[in-house]
Amino acid sequence: MSDEVAGRASKRDRPWVFRTYSGHTSARASNELYRKNLAKGQTGLSVAFDLPTQTGYDSDHPLARGEVGKVGVPISHLEDMCALFESIPLERMNTSMTINATAAWLLALYVAAAEHQGADARLLQGTTQNDIVKEYLSRGTYVFPPEPSLRLISDMVAYTVDAIPKWNPINVCSYHLQEAGATPVQEIAYAMATAIAVLDAVRARRDVPKEKIPSVVSRISFFLNAGIRFIEETCKCRAMAELWDEITRERYGVEDPKARLFRYGVQVNSLGLTEAQPENNVIRIVLEALGVTLSKRARCRALQLPAWNEALGLPRPFDQQWSLRIQQILAYETDLLEYADLFDGSPVVAAKVAELKESARNELDKVLGMGGAIAAVENAYMKQRLVEAHTARVRAIETGKLPIVGVNVYQEHEPSPLLAGSQSILTVDESAEREQIERLRAFRAKRNAKDVEVALRNLRDAAANRTNVMPASIGAAHSGVTTGEWADTLRALFGEYRAPTGVTGVRVAEGEASSAATDRARAHVRRVSAQLGRPLKILVGKPGLDGHSNGAEQIAVKARDVGMEVVYEGIRLTPAEIVQSARDEGVHVIGLSILSGSHGVLVIDVMERLRKAGLGHLPVVVGGIIPDSDAERLRAAGVRRVYTPKDFDLARIMEEIAELVAESPAAA
Amino acid sequence: MERLLARDRDAVSEALNRIDDARPGQREKALELLGALERAARFPGPPRVGVTGAPGAGKSSLLDAIVRTLRASGETLGIVAVDPSSRRTGGALLGDRIRVRSGASDPGVFFRSMAARERLGGVADATRPGVTVLAAAFDWVFVETVGVGQSETDVATLVDTLVYVAQPGAGDLLQFMKAGILEVPDVFVVNKADLGAAAARTAGELAAGLGLGSRDTASGWTPPILLVSARDGTGISELVEALRAHRRQLESSGTLEARRARGKEVFVQETLERRYGSYGTALLSGSAGIACRVREARDASAFALVLALGREIEDALRKPLP
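Bear in mind the structure is a predicted one, so any value in this text is a computation, not a measurement. (Residues numbered from 1 in each chain as written. Chains lettered and ligands numbered in written order. Predicted model: local features only at pLDDT ≥ 70, side-chain atom pairs only at ≥ 80, totals over all residues.)

## Description of the interface of chain A and chain B
At the junction of the two partners, chain A supplies 33 residues and chain B supplies 31 residues. Every element with two or more residues in the side of chain A that touches chain B is listed here: helix H23 (550–561), strand S12 (565–573) and helix H24 (575–585) of chain A. Broken down by element, the side of chain A that touches chain B gets its largest block of residues, seven residues, from H24 of chain A. In terms of residue class, the side of chain A that touches chain B is built from 11 nonpolar, 11 polar and 11 charged. One ladder, built from three bridges, connects S12 of chain A with strand S3 (residues 92–94) of chain B; its direction is parallel. Within S3 of chain B, the position partnered with Glu 565 of chain A by the bridge is Ala 92 of chain B. (Contact = placed C-beta atoms within 7 Å. Helix = DSSP H or I, 4+ residues; strand = E, 2+ residues; numbered from the N terminus. Nonpolar A, V, L, I, M, F, W, Y, C, P; charged D, E, K, R; others polar. Pairing = 2+ DSSP bridges.)

## Looking at helix H18 (residues 449–464) of chain A
Residues and elements named next belong to chain A. Over its 16 residues, H18 runs 22 Å from end to end, which matches the ideal 22 Å to within 8%, given 1.5 Å per residue. Here H18 has its buried residues at Ala 455, Leu 459 and Ala 463. Buried residues in H18, looked at end-on, bunch into an arc of 70°, giving them a common side. Exposed positions of H18 whose direction lies more than 90 degrees from the buried face are Lys 450, Glu 453, Asp 461 and Ala 464. (Expected span 1.5 Å × (residues − 1). Buried ≥ 20, exposed ≤ 12 C-beta atoms within 10 Å, placed from the backbone. Arc of directions from axis to C-beta.)

## What to know about the domain arrangement of chain B
All names here are of chain B. By domain assignment, chain B separates into domain 1 (43–253) and domain 2 (258–318). Placing the centre of domain 1 and that of domain 2 at their C-alpha centroids yields a distance of 28 Å. Tallying the contact residues gives five residues for domain 1 and five residues for domain 2. Among the residues forming the side of domain 1 that touches domain 2, the class breakdown is two nonpolar, one polar and two charged. (Domains from an automatic or database assignment.)

## Remarks on the domain arrangement of chain A
The extent of an interface is frequently quoted as the accessible surface area lost upon association of the parts. Residues and elements named next belong to chain A. Annotation of chain A at the domain level lists domain 1 (3–370 + 409–419) and domain 2 (514–667). In this structure, domain 1 and domain 2 have C-alpha centres spaced 34 Å apart. Taken together, the contact pairs 21 residues of domain 1 with 20 residues of domain 2. When the residues that make up the side of domain 1 that touches domain 2 are grouped by side-chain class, the tally is nine nonpolar, six polar and six charged.

## A look at the sheet that holds strand S3 (residues 45–48) of chain A
Residue and element names in this part refer to chain A. Ordered by their spatial adjacency, five strands build an open sheet running S2-S3-S4-S5-S6, and the pairing between neighbours is parallel. Edge positions in the open sheet fall to strand S2 (21–22) and strand S6 (167–168), since each of these has one partner strand only. Where strand S4 (residues 94–98) meets strand S5 (residues 125–128), four bridges bridge the pair, whose relative direction is parallel. Bridge pairing in S5 links Asn 94 to Gln 125.

Next up, the structure:
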C-alpha cells in the first residue's frame with residue numbers, strides 16, 4: 001500500500017453499522033442466516049419477527065394460522081430466543097429489533113437469552129423499535145390502546161436508562177410514515193410529535209429524576225426512510241437534526257450538545273420499489289443510500305437496504321447479499337468517508353432545510369395544539385393527512401404526472417434473465433408452522449407450571465400497580481412464559497384497540513379525482529348500479545395479522561370516488577368475520593388485501609367459508625405481493641382477479657370489479 | 001318472511017337488500033313485505049334506539065360498549081349505521097363497522113351499514129324500512145348516525161329513544177342549543193368521561209342548556225345526562241339502564257304509541273314527497289292532507305299507506321287534464 005493510500009485510510013470516518021432486515025421460518029433457520037450474513041461483513045443484526053410474535057400470539061393461536069415464520073422469525077419463548085442467537089455473543093453484538101406492541105417482552109427475552117449466555121446485561125447494545133404511534137398510523141401491529149402502550153414504552157425507557165445504558169429503548173419511526181405516503185414535512189413533524197409524547201410521558205414519571213432526563217434524551221434514536229428524491233432527503237435529515245437539537249434544548253432543557261445529537265438509522269424506501277423491471281430497483285436503492293450518507297453532519301448511524309426484488313416476494317440470501325455489497329462499496333471503495341460535511345455553506349441546501357423546518361414546525365404545532373401525537377391518533381388527524389398524501393401520490397402515478405420508469409413510462413423492456421427460473425424468490429416451507437407448533441407444545445409440556453403461574457401473577461401485579469413491567473417480564477422469560485401468555489395477561493388488563501382508519505374523512509381534490517379513466521369507471525359503476533337496483537357495494541378488508549393497510553385504503557378511497565358504497569373493514573380480520581360482514585352488509589363483491597405471504601391459507605379459507613354460507617356467488621378479488629405461482633392457486637380456488645403492485649391503474653381495477661359484478665348473479 | 005320472523009340471519013340480510021332495491025316492480029314488492037312484517041309484529045316490539053352526535057364524539061365505540069353489555073345479558077341486537085355519501089361521486093365510505101368490533105363474529109349481533117345517498121341528513125331512505133326488518137328479528141334495534149344538526153330530528157321520528165353523544169370540550173353545544181336540537185334527545189351522554197374535569201364541565205353546560213330550553217315536560221321524562229367512558233366502561237351499565245327506564249316510561253305513560261304514530265305520519269309524508277314531489281302530494285292536499293289520511297287509517301302500516309296513497313297519486317297523475 002502506498003503511503004498516500006494508507007494516509008487516506010487513516011483519516012476515514014468510521015462507517016455506519018451495516019444491517020439487513022431479516023428472519024424467517026424458525027429461530028434455527030434465522031440463526032444460520034445471521035451467522036452467514038455476519039461472515040459476509042454485516043456489522044449488526046436487524047431482527048424481523050413474524051406477525052404472531054409482533055402482535056402477541058403464540059404460534060398455535062388461531063389468528064397465527066398461515067403467518068408463522070412468514071415475514072419474520074417466530075419467537076414464542078426463551079428457547080426460541082436462545083436458538084436465534086446461538087454462537088452469536090450478544091455482549092459484542094449490536095442488535096436492532098423491529099418490535100413494537102410486544103417490545104417489552106422481546107427485550108425481556110433478549111436480556112434473558114444474554115444472561116443464559118453468561119453475558120452482562122449492562123453491556124448489551126441495540127435498539128427496540130417500540131414506536132407505537134406509527135403502528136396506529138401505518139404498520140398496524142398495535143395491540144393495546146394508546147395510553148397503556150405509551151406507559152409500556154416509558155417503562156422500557158426508565159428501565160434501560162439504568163440497567164442497559166447503551167440500549168436505545170425506542171426508535172422513533174418516520175420510516176413507515178413515508179411508506180404510508182407522508183410528505184417530508186409530515187414525516188418530520190409526526191416523528192417529532194411522537195418523540196415528544198414519549199419524552200413527556202417519561203418526564204412525568206416519579207421514578208425518573210429530573211437529572212436523568214439528559215441521559216434519557218440521549219438514548220432516543222430515530223428510524224428514517226430515504227426516498228428517491230435524494231437531495232430533498234439529505235435536507236430532511238439535516239432539518240431533523242437541527243429541530244431535534246432545538247426541541248431537546250427548549251422543551252427538555254438538555255444543556256449538553258452531545259446529548260442532543262440526532263441519531264438515526266435508515267431503511268431506504270420500499271414504497272418506490274417496482275415490480276415492473278425490478279432490476280432498476282438496484283439503482284434506486286443506491287441513490288437512496290446516498291441521500292442518508294452524503295452529508296456527514298446528518299449521516300445515518302445504521303443502514304438497512306431492501307432487496308431489489310422485494311415487491312415480488314421474500315428475498316433470497318443472494319438478494320440480501322447484493323444489498324449488503326452496496327453498503328460496503330459505498331463505505332470502503334468510494335471516498336465518501338474522507339471529507340467533512342459537503343453541504344455546509346451551500347445556500348441552496350440551507351434554504352431547503354429552513355423551508356422544511358418551518359413547515360414542519362407549523363405542522364408539529366398543530367398536532368401539539370390538539371393535545372399531541374396520541375390525541376392526533378385518536379381523532380384520526382394524522383392518519384387522514386397520510387391517506388390524503390398517499391392518495392395524491394397514487395393519483396399522480398395514475399395520471400403520469402409522477403413518472404416511474406418501467407411503470408408508467410418506458411414500459412417496453414427486454415426479458416430479465418434475473419427473473420428466470422422458479423427459484424427467483426424465497427418461499428417459506430409450509431412445514432415451518434407445524435414444526436414451530438410442535439416445539440412450542442414440547443416446551444410448554446416440560447416447563448414448571450407453578451413457576452409460570454407465579455411469573456404471570458407478578459407481571460399482572462406490576463402492570464396493575466403501575467410498577468415497571470420490565471423486571472417482572474424478565475422474570476417471566478426465565479420462568480418459561482410464552483409470548484401469547486405475556487400479551488394475554490396485559491390484554492386482560494389494558495384491553496385491545498382499534499385505530500381510526502382515516503379513510504372516511506379523506507378529501508380528494510377535484511383535479512386529482514377526475515381523469516378520463518376515472519370518469520369512465522364512474523359511468524360504468526353507475527350503469528351496473530342501475531342494473532343491481534342499488535349502488536354497487538364492496539367490502540374491503542385485510543384478513544390475517546398483517547397491518548400494512550395502505551393498499552387497502554387506496555382501494556377503498558378509489559372505490560368511493562368511482563361511486564361505490566364501500567364497507568371498509570380495516571385490518572386483522574378472521575375469515576369468519578369477513579364472511580359475516582359480507583352477508584350482513586349485503587355486498588356485491590369482496591376485495592381482500594394481503595402483504596404477508598399468508599394469502600394461500602387465509603384467502604382459500606375465506607373462499608371455503610363463503611361457499612358454506614351460500615355466498616359462493618360473490619366475486620372475490622385479491623391484491624398484494626403475490627408471486628405468480630400463488631396467484632395461479634388463488635384463481636384455482638375461485639378468486640376472480642389477483643392484483644399486484646404493478647397494477648397501478650386503480651381506475652382500471654375499478655372497471656374490472658364493476659364488470660365482475662355485472663356478470664354475477666346479483667345483477668341478473 | 002317466516003324465515004325472517006324465525007330470526008334467520010340470511011333472511012334478514014336478503015330482506016334488507018330487497019327493501020333497498022329501486023328497480024321497477026321491486027319497490028312495490030318491498031313495500032308489501034314491509035307491510036306484512038308490520039302487521040305480524042306485536043306492539044310494542046323491541047326498543048328502537050337512535051345514537052347520534054358530532055363526528056369524533058365516539059358514537060361507534062359507545063355502541064360497541066353497549067353491545068358488550070347487552071350481549072352479556074343474552075339479548076340480541078340489530079344495528080343500522082348511516083354514513084353520508086359523497087355529493088360529487090355518489091360513493092360512500094362506510095367505516096363504522098370497524099369500531100363496533102364486539103359483534104364481528106357473534107351471531108347475536110347484526111350490523112348493516114347504509115349510505116345516506118342523496119339525503120343530506122343522517123338518515124337514508126332505507127333506514128326506517130331497515131328498522132322494521134331488524135325489529136322482526138332482534139331484541140334491540142339501534143340506529144347510529146352522525147349528528148349534523150337536522151338529522152337529530154330526522155332520527156327521532158324513527159326511534160323510541162334518542163341518545164345524543166357529546167364529547168368533552170366540544171364547541172358544538174352552543175350551536176345546538178341555538179338550533180333547538182337539545183330539545184329532541186331523550187338521553188344525553190358525555191363520552192370520554194375518563195378525561196375528568198373537561199367532561200364534568202361539558203355535562204354542566206348541557207344541564208344549564210337543558211334548564212333554559214323549553215322541554216315538553218308533559219311526557220313526564222326528564223332526560224338524564226350521563227357521564228360515560230366507552231374506553232374504560234364507566235357508566236355503560238347506567239346508560240343501558242337509562243334506555244330500559246325510558247322504554248318503561250314510554251309504555252306506562254302511553255306515549256310510545258303516540259310517538260310511533262307521529263313517526264309513521266312523517267315517514268309517509270316524506271316518502272311520498274320524495275317520490276312524487278310537491279306536485280304529486282298536492283293531489284292529496286299536501287302534507288296536512290296526508291297526515292289526515294294517515295291518522296284515519298290507524299291500523300294500516302306506514303308501508304301499506306305509502307303503497308296505497310302512492311297509487312292514488314299515480315292514478316290522479318294519469319288522468320287527463322280537464
